[in-house]
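Architecture and fold: a report
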Amino acid sequence: MYKLNSNTSKSYYTKLGALVFVLLASGFFSCYAQNIAGIDRKQLFDNDWKFFLGDPLTAASKKINEKNWRKLDLPHDWSIEGKIDPKNPTGKDGGYFPAGVAWYRKTFKVPEEWKGKNVSIYFEGVYMNSEVFINGVSLGTHPYGYSSFSYNLSPHLAFGQENVIAVRVDNSQHKNSRWYSGSGIYRHVWMMVTGAVHVDNWGVAITTPEVSSKEASIQIKTLVENETNSPQNIILKTQILTGNSKSVADNQTKVQLPARSKQEVIQIIKVSNPLLWIPESPYLYQAKVQIIKDNQVVDDTKTNFGIRSIKFTAENGFQLNGKTVKINGGCVHHDNGCLGSAAFDRAEERKVELLKGAGFNAVRTSHNPPSETFLNTCDKLGLLVLDESFDCWKWGKNSNDYSKYFEMWWQRDLEAMVKRDLNHPSIIIWSIGNEIVERGEPQAVETAAMLAKALKKIDNTRPVTSAVCELNDKPWTIFDSLFAVHDVAGYNYKMNNAPDDHKRVPSRIILQTESFPKDAFNNWKMVQNNNYVIGDFVWTAIDYLGESGIGGWYYNVEAPEMYPWHGGYCGDIDMIGRRKAISHYRSLLYNNTEKLYMAVREPEKPSSKIKVNWWTVWPTWESWTWPGFEGKNVQVEVYSKYPKVRLYLDDKLIEEKATAEEQQFKATFSVPYSPGILKAVGVENDKEIESKVLQTSGDVAKIKLTVDRKVILANGQDLSYVTIELTDKNGIIQPNAANHLQFKIKGTGVIAGVDNADLQDFDQYVGNSRNAWKGRALVVIRSTHNVGDIKLTVSSSGLPEAALNIKTVKP
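Residues numbered from 1 in each chain as written. Predicted model: local features only at pLDDT ≥ 70, side-chain atom pairs only at ≥ 80, totals over all residues. Heavy atoms only, no water.

Our focus in this paragraph is the overall build of the protein. The secondary structure content of the protein amounts to nine helices and 54 strands. Here the C-alpha atoms of the protein give a radius of gyration of 27 Å, agreeing with the 28 Å that 2.2 N^0.38 yields for 811 residues. Along the longest, intermediate and shortest principal axes, the C-alpha atoms of the protein span 90 × 65 × 50 Å. Within the span of the protein, comprising 811 residues, buried residues form 60% of the whole. Taking the intrachain contacts of the protein between residues at least 6 apart in sequence as the baseline, contacts between residues at least 24 apart amount to 71%. Per element, the accessible surface of the protein, about 31,700 Å² overall, is 48% carbon and sulfur. Here the protein contributes 95 positive and 90 negative side-chain charges, whose respective centroids are spaced 3 Å apart. (Helix = DSSP H or I, 4+ residues; strand = E, 2+ residues; numbered from the N terminus. Rg over C-alpha atoms; globule rule 2.2 N^0.38 Å. Buried < 20%, exposed > 50% of the residue type's maximum accessible area, 1.4 Å probe, protein only. Contact = heavy atoms within 4.5 Å. Areas by Shrake-Rupley, 256 points an atom, 1.4 Å probe, with all protein chains shown as cover. Lys, Arg positive; Asp, Glu negative; His and termini not counted. Charge placed at Lys NZ, Arg CZ, Asp CG, Glu CD.)

Okay, here's the thing in structure tokens:
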């Protein structure tokens, strides 16, 4: 393990993310296994694949000519590499990106010592309609792009020889998603190698049925499989380990396994004075489960978990470890901006860091199960999770969506989500659907009950919800029977119905599963004042690709929601990680960490009126640079938890206004624009406590580069995010700068993606240039497999170059 540069970042969450990064690199976290007889139980299988965009007839064969195939490492999303074009079949829902059919192949040698072992290949996610072949033999198909799956390879392997895995991925069916899905093997692939007697995949289920500060009961259910033709006598040994691998409790159970059988073994282990998992201090334990036969360890796994209790009631709301917690949540899609859907560990970790840094305490994985790394990071950083399974059931929203596969696949996909994810302490609620088309029909009640029943056979410790929205002009009460088969009623955009619903159904627990960003104050007040309303999830926490135009704004036309918009601009956080004004306002409402913020509403020109849609918050910027508006009134917004605020321009008091709850913690000042220094000051007991400043910027004179991490792993997957800011000679960002930027990279890294957060800029996300937007841009650097140095140089016509260096070190 190496030591990160302590100057990498001053941000708490960036430092914490760096720690997580090191621990992940060392293999401390998540479910994994140690070596057994010199063989890694779970081996990353991401490197050295071949890729071909197209559908050659012989691609599944063991021996083919791969001359025109591209070599790459996973995870991979081929859609993000293409051009945004209104002619592409994904249309506005998919962000106008290309899709199609493609193949992946990997040649690998299987050691002789694997003979007699159980060898399988595990895919965390392939979008979509995948078919997997080993040495030309089809192992099966898997339609759903978001659920994990595996295949047994053992009967088809040539031991001591080369073998070929081939994967066909078919994302050619138009209208299969309502948002950007990406295309390809976009999550990790693993090779799993165990003995004939082993713990089953997803075979360890951990719950904490009794929790107090003095003692906790840990229940471990382990599914053990005997694939031999004879009975086996084993010992199942389970230890509870602390974060520094110290054993605090254990249990040993003798087990008799019949031939060719699976058996669930239940162990109860007591832990004294446990450290409880809470978002502010998300302490994690590990369960080390070993199978011992004839005094030899024949299987060894470790599973991460947290000790915590959850309870939901209309009287006390959501309680974590006996304390009521108000959910301040955001919905997110699975894409990683300029990286598309490729689920690089660092990209997934950074997403959680951004959410925590913006003041959220919860996330909804809309509308599908997320990556394993995302959930691992939620566990480690303390972000509550609503884990969602499907966007539709039997009735479709698009012609080729999941409704085509629901009847045949729902149980396998639901079980995959719950079995894979149930050990995560961050997950507090399961969701079985979103805005189901048939929600007003009796069959929807039957389907919901069926899904909930199947889910609770696996995990009955968490409540079940689904997100319900209104249905045309029908009364909201038609959903009473549907809500009755859920533990928590998920309301999309219908928080205003909560008081009347509570009078009619006092036992109903209500969670707003989607809300408009502009309704932040009213939603916050409803959550604070009513225990039966346990929280709110805004749509959305982060901008995303696809669902084009939602949350955007337009000039002189009604919102068309069409090209060149190719994504949703309704997030509190934009595509390069910048927090918008609404993010600061929401955090100020829910948290005590932020008490004052100032921004300026974009002024309208007489010839250029701004039009918005339901998800749009008026474009508001941290800018006091508005050329062309000299002498004209602009609107300055100040958000404050202080009783009053004062606004100054060049140290001259403009006005003092109240910003108490009666004013929604907000004051708007109409100020004739003139260049200078604008200052907002929080006032308490007539004393000026805190201030925020916006200063007019001059012309662009410099390029400023800031990197989130200066040291990354040389594993072909690790990432550094470089933020580019265009400033004047005094270092003040020029918020109107749109300079064209050129990027050059040398050394042990490549450019993985470029972005500027402008969802109307249809330049490609994979390239070596980008226009700045609002004075900013982003470059994501990916390591190669070589140790050394990376040098990134950024240039723009008429400006001095800027450069920075990043080290890549041995994993």
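What follows is about the side chain of Ser 79. By the secondary structure assignment, Ser 79 is in the loop between β6 (70–72) and β7 (100–109). We classify Ser 79 as buried; its relative accessible area is 2%. Polar contacts involving the side chain of Ser 79 include one to the main-chain carbonyl oxygen of Pro 98, which spans 2.7 Å. In contact with Ser 79, not counting residues within four places along its chain, are Phe 97, Pro 98, Ala 99, Tyr 180, Gly 182 and Ser 183. (Polar contact = N/O pair within 3.5 Å; in protein donor to acceptor, adjacent residues only side chain to side chain.)

Here we take up the packing of helix α2 (residues 345–357) against helix α3 (residues 372–381). Their axes nearest at 9 Å, the elements α2 and α3 cross at an angle of 40 degrees. As judged from the angle between their axes, α2 and α3 are oblique. Between α2 and α3 lies a crossing of right-handed hand. Of the residues in α3, those touching α2 at Asp 345, Glu 348, Glu 349, Lys 351, Val 352, Glu 353, Leu 355 and Lys 356 are Thr 373, Phe 374, Thr 377, Cys 378 and Leu 381. Among the residues making up the contact of α2 with α3, the classes are represented as five nonpolar, two polar and six charged. (Axes fitted to C-alpha atoms, helices over the stretch in contact; angles between N-to-C directions. Parallel < 35°, antiparallel > 145°, perpendicular 65-115°, else oblique. Left-handed = near helix turned anticlockwise from the far one by under 90°. Nonpolar A, V, L, I, M, F, W, Y, C, P; charged D, E, K, R; others polar.)

As a general feature of sheets, a regular strand has side chains that alternate between the two faces. Relative to strand β17 (residues 247–257), strand β16 (residues 232–241) runs antiparallel, the two being bridged by ten bridges. Directly across from Ile 240, in β17, lies its bridge partner Ala 249. In textbook terms, the turn of a hairpin is the stretch between consecutive antiparallel strands, and for β16 and β17 this stretch comprises five residues, one of which, Ser 245, has a positive phi near 70 degrees. (Pairing = 2+ DSSP bridges.)

This model, assessed by the stated rule, comprises 47 aromatic pairs. Residues Tyr 283 and Tyr 285 carry aromatic rings whose centres are separated by 5.0 Å and whose planes lie at 70 degrees to one another, so their mutual orientation is edge-to-face. Overall, Tyr 283 belongs to the partly exposed group, its relative accessible area being 24%. Members of the aromatic cluster, connected to one another through ring pairs, are Tyr 127, Tyr 144, Tyr 146, Phe 390, Tyr 402, Phe 406 and Trp 410. The ring centre of Trp 621 lies 4.4 Å from the NZ or CZ of Lys 774, which sits over that ring. (Phe/Tyr/Trp six-rings, centres within 6.5 Å; stacked < 30°, edge-to-face > 60°. Lys NZ or Arg CZ within 6 Å of the ring centre and 35° of its normal.)

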